[in-house]
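# Reading the structure
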Amino acid sequence: MARKTSRSGLPGSVAILWLRHDLRLSDHRALAAALDEFGLIVPVFVLDESDENRWALGGASRWWLHHSLAALGAALRKRQSELVLRRGDSVSILRDLVRETGAAALFCGETHEPWLRSLTDAVEKAVGVPVHRRRVSTLFDAEAIRTKSGGQYSVYGPFARACRAQPEPEDPLPAPQSIPSPKRMPRSDALDDWGLLPKKPDWSGGFDTMWTPGEAGADKKLKSFLKDRLDGYGASRNVPGDPQGTSMLSPHLHWGEISPNQVWHAAKQAADRKKAKSGWDSFSGELLWHDFSAYLLRYNPEMPEKPLRAAYAKLPWRRDKAGMRAWQQGRTGIPIVDAGMRQLWRHGWMHNRVRMITASFLVKHMLVSWQDGEAWFFDTLVDADLATNAASWQWIGGCGTDSQPFFRVFNPVTQGKTHDPDGRYVRHYVPELKALPDRWLHCPWQAPQSVLGKAGLVLGRDYPKPILDLDRGRDRALDAYRKHVRGAKKGADA
DNA sequence: CTCGTCTTGTA
DNA sequence: ACAAGACGA
C-alpha cells in the first residue's frame, strides 16, 4: 500500500493507536488509517477505573481482558511492535504519551458506549493533536441508518430492512505484516500487575475449558462454527444442550477480537458455498441485532438505567434479597433456570435461549427489576456488553422499544420441555437431577413420590423446592403490568 | 390517514 | 384465541 506523505504527517512521524473494544490487528480501520498516514505507531491500552463508572468492568470481563491483552501483545511483538499498557486517567495518560512520543495524531475505534464517547471527546480536547475515529465494531454507520423522515429507528424490523438495503459492508482488511515502532517505545505496565485475574476463590476454572481470548481464538471459533453449524442454525441455535449450536462469538465480538465485518463476509461466503440460505438469513439477522443494540445505545444513552418506555418505570419491583441470591446461585428449584444460572457462573456465558428463560423468570415471576438482572449479567458474562445487555433486558422486561408484550411470560417448564427435551442441558448443569426421567426433569416438584424415591431425590434436601409457584408468579406479574403500566398510560393520555 | 407488521409465548 | 398497541411507509 502506497504511503501518503503529503497529508497529516511524514512517513517517519508517530501516531498513537488508542485501543479500547477493538483488540485485534486484522480489519482494524483505525490501525490501517494510522499506518497509511503515519510511519510509526504506538499502540496503547489504558485501564481507566478512575471515574465512578457504574458499568465498570465486571469480574468475568476482567478475566477476559487480561488474556485478550496478553494475546494482542504477543501478536504485536510478532510485528516488531509492542502494546503499551497504562492504568489511570485516560485524558492525562494520553496527553502525556502524545508529548513523550511527539505523536502528531491519535487514532481510535468508534464506540457507542456513552461514557467512552464522552471520554473520547475529552481526550480530543486535551491532547492537542487531531483525533481520528474509525468504525470498528458495527457493520453500518449509525448515522447512515435513518427512517424516511430522517429520524432514528426504534424497532428492529424496519432497522434491519434499512441495513439490508445499504451497500454491502466493506471487505475486511488483512492484518498488517509489520507495524513499525518509534525507536523508543514509552514504558508499559506489566499486565500481571493489574490484578485482572481472580484471586481466591478462583472461579475461572470453567472459563479456560471454553474460551481462548484473542484474535486467533476468535478466528478458530468462527471457522468451526461455519464449517458445519451454519446450515440449520435457525433451529440449532435454540438447543441449549448442543454446545456448538450457536457461534459463541459474543465475547470475541464484544472485545473486538473479530469484527462484525469479518464475521458477515466469512458467513456469507460459507453460506453461498453450502447453499445455506436459511442459515444465513438467521445468522445475519443476529449480527444485525448486534448492530441494532449499539445503535439504540448510541441514541439512547440512558438505556442501561432507564426503561425506553417510560410507563414501565412505575412497576413495583420487589426487593428480594434471598430470591435474588437463589437466582444468582442457581437454587430456584426450577431446573432450566438453575441450569442456566450455573452455566453462567461456571463459564461466564449462557446459551441465548436460556438467557431469555432465566431473565423472564426474574423479571416476571419474581418481579425483580430488569436492572438488577442486567447488573448481575454484566458482572458475570464474559461477553458483557453494555448495549446488547441493556437492550436485551429491556426487551425481556417488555419496556424495550420493540413490542414484546408484557403478558408474554415464558413458562420455564414448557420452555425446558420444548428446547431441552432430552434433558441434556439440565442434567449437565444440575447433576443432582440426573436420575429423574425426562418427563419429570423440568418439573421435579410434580413428580410422584415413587419417582423421586427411585431417583434417590428428596426435594428440599438434594435439590430446592421451587421458590415460588409458577402460576401465581405469572398472575402477579400480569396484575402489576395491568395496574401500573397499562393503567398509568391511559391516565397519561387522558 | 390507513394499513401491514411486529424474534424467540401460553393456555 | 388471547391481548396491546406502536411503529413506519
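Residues numbered from 1 in each chain as written. Chains lettered and ligands numbered in written order. Predicted model: local features only at pLDDT ≥ 70, side-chain atom pairs only at ≥ 80, totals over all residues. Heavy atoms only, no water.

So, about the sheet that holds strand S5 (residues 131-134). To summarise the sheet geometry, strands pair through backbone hydrogen bonds and adopt either a parallel or an antiparallel arrangement. The five strands are arranged S3-S2-S1-S4-S5 in an open sheet whose pairing can be described as parallel. The sheet is open, and its two edges are formed by strand S3 (84-87) and S5, each paired on a single side. Neighbour-to-neighbour, the strand axes of the sheet open up by a mean angle of 30°, direction not taken into account. Helix-sheet contacts for helix H2 (residues 59-77) involve strand S1 (14-19), strand S2 (40-47) and S3, and the interaxial angle to S2 is about 165°. (Pairing = 2+ DSSP bridges. Helix = DSSP H or I, 4+ residues; strand = E, 2+ residues; numbered from the N terminus. Axes fitted to C-alpha atoms, helices over the stretch in contact; angles between N-to-C directions. Contact = heavy atoms within 4.5 Å.)

With domains assigned, chain A is organised as domain 1 (14-136), domain 2 (138-172 + 210-299) and domain 3 (310-487). Domain 1 and domain 3 are separated by 38 Å when their C-alpha centres are compared. Contacts between domain 1 and domain 3 engage twelve residues on the former and twelve residues on the latter. Taken together, the two surfaces of domain 1 and domain 3 that pack against each other cover about 900 Å², and 66% of this comes from carbon and sulfur. Looking at the side of domain 1 facing domain 3, the largest losses of area belong to Trp55, Ala60 and Ser61, adding up to 50% of the total buried there. One can count two residue pairs in polar contact (both at pLDDT 80 or more) joining domain 1 with domain 3. It is H2 that contributes the most residues to the side of domain 1 that touches domain 3, five residues altogether. Of the residues assigned to the side of domain 1 that touches domain 3, the class counts are six nonpolar, four polar and two charged. (Domains from an automatic or database assignment. Buried area = accessible area lost by both parts, 1.4 Å probe. Polar contact = N/O pair within 3.5 Å; in protein donor to acceptor, adjacent residues only side chain to side chain. Nonpolar A, V, L, I, M, F, W, Y, C, P; charged D, E, K, R; others polar.)

The end-to-end C-alpha distance of helix H13 (residues 335-347), which contains 13 residues, comes to 18 Å, matching closely the 18 Å that a straight helix rising 1.5 Å per residue would cover. Buried within H13 are the following residues: Pro335, Ile336, Val337, Asp338, Ala339, Gly340, Met341, Arg342, Gln343, Leu344 and His347. Just past H13, the residue glycine 348 takes up positive phi, approximately 70°. (Expected span 1.5 Å × (residues − 1). Buried < 20%, exposed > 50% of the residue type's maximum accessible area, 1.4 Å probe, protein only.)

Taken together, eleven residues surround DNA strand C, and among them Lys148, Tyr153, Ser154, Val155 and Arg486 come closest. Close to the protein, within 4 Å, the atoms of DNA strand C are drawn from sugar and phosphate at a rate of 92%. Within the side chain of tyrosine 153, one N or O atom sits 2.8 Å away from a phosphate oxygen of DNA strand C. Within the backbone of serine 154, a nitrogen or oxygen atom sits 2.8 Å from a phosphate oxygen of DNA strand C. Residues of the surface near DNA strand C, tallied by class, amount to five nonpolar, three polar and three charged. (Near = heavy atom within 4 Å.)

Inspection of every chain in the model, using the stated rule, returns 26 aromatic pairs. Relative to phenylalanine 378, the ring of tryptophan 55 lies with its centre 5.1 Å away and its plane at 75°, an arrangement referred to as edge-to-face. In this pair, tryptophan 55 is assigned in the loop between S2 and H2 and phenylalanine 378 in helix H15 (residues 370-380), connecting sequence segments 323 residues apart. The buried category is assigned to tryptophan 55, whose relative accessible area is 8%. Connected via pairs of aromatic rings, a cluster forms that spans Trp63, Trp64, Trp203, Phe207, Trp211 and Trp349. (Phe/Tyr/Trp six-rings, centres within 6.5 Å; stacked < 30°, edge-to-face > 60°.)

Close contacts around DNA strand B come from 18 residues, with Trp289, Trp395, Asp402, Val409 and Asn411 the closest. Of everything in DNA strand B that lies within 4 Å of the protein, sugar and phosphate atoms constitute 54%. Contact distances for DNA strand B include 3.1 Å between a phosphate oxygen and a side-chain N or O atom of arginine 408. With respect to DNA strand B, the side chain of glutamine 415 contributes an N or O atom lying 3.4 Å from a phosphate oxygen.

Attention shifts here to the pattern of salt bridges. Counted under the stated rule, the structure contains 24 salt bridges. Two residues, aspartate 281 and lysine 277, come together in a salt bridge whose shortest N-O distance is 2.7 Å. Taken together, the residues aspartate 281 and lysine 277, both in helix H11 (residues 277-299) and four residues apart, mark about one turn of the helix. Residue class for aspartate 281 comes out partly exposed when judged on its relative accessible area of 35%. (Salt bridge = Lys/Arg side-chain N within 4 Å of Asp/Glu carboxyl O.)

Attention shifts here to the pairing of S1. Most of S1 sits inside the fold, with six of its six residues counted as buried. On S1, burial covers both faces: Val14, Ile16 and Trp18 on one face and Ala15, Leu17 and Leu19 on the other are all buried. In terms of handedness, the path from S1 via helix H1 (residues 29-37) over to S2 forms a crossover that is right-handed. Bridge count between S1 and strand S4 (residues 105-109): four bridges; the pairing is parallel. In the strand pairing of S4, isoleucine 16 is matched with leucine 106. (Right-handed = clockwise from strand over helix to strand, strands pointing away.)

Let's shift gears to the environment of threonine 212. In this fold, threonine 212 is placed in the loop between helix H6 (205-208) and helix H7 (215-228). Separated by 40 residues in sequence, threonine 212 and histidine 252 place their C-alpha atoms 9.2 Å apart. Discounting chain neighbours no more than four positions away, the residues touching threonine 212 are Gly217, Ala218 and His252.

In this section: the packing of H7 against helix H10 (residues 260-274). In contact at an axis separation of 10 Å, H7 and H10 are set at 25° when each is read in the N-to-C sense. As judged from the angle between their axes, H7 and H10 are roughly parallel. Once H7 is placed against H10, the crossing between them reads as right-handed. Counted together, Leu222, Leu226, Lys227 and Asp228 of H7 and Gln262, Val263, Ala266, Ala267, Ala270 and Lys274 of H10 form the full contact between these two elements. Grouping the amino acids of the contact of H7 with H10 by side-chain chemistry returns six nonpolar, one polar and three charged. (Parallel < 35°, antiparallel > 145°, perpendicular 65-115°, else oblique. Left-handed = near helix turned anticlockwise from the far one by under 90°.)

Next up on the list: the side chain of asparagine 238. By the element assignment, asparagine 238 lies in the loop between helix H8 (233-236) and helix H9 (250-254). For asparagine 238, the residues in contact, after removing those within four places along its chain, are His351, Arg353 and His419.

The next point concerns helix H12 (residues 321-329). Within the span of H12, buried status applies to Gly323, Met324, Ala326, Trp327 and Gln328. In the core, the buried residues of H12 are packed alongside H13, helix H14 (352-365), H15 and helix H16 (386-396). Where H12 terminates, the next one or two residues include glycine 330, which has phi positive at roughly 70°.

Bringing unusual backbone geometry into the picture now. The phi dihedral of lysine 275 is positive, around 55°, even though this residue is not glycine. Its place among the elements puts lysine 275 in the loop between H10 and H11. Taking the relative accessible area as the measure of exposure, lysine 275 reaches 72% and is therefore exposed. If you check the backbone angles, leucine 367 has positive phi at about 55° while not being a glycine. Within the secondary structure, leucine 367 is located in the loop between H14 and H15. In this structure leucine 367 comes out as buried when scored by relative accessible area, which is 4%.

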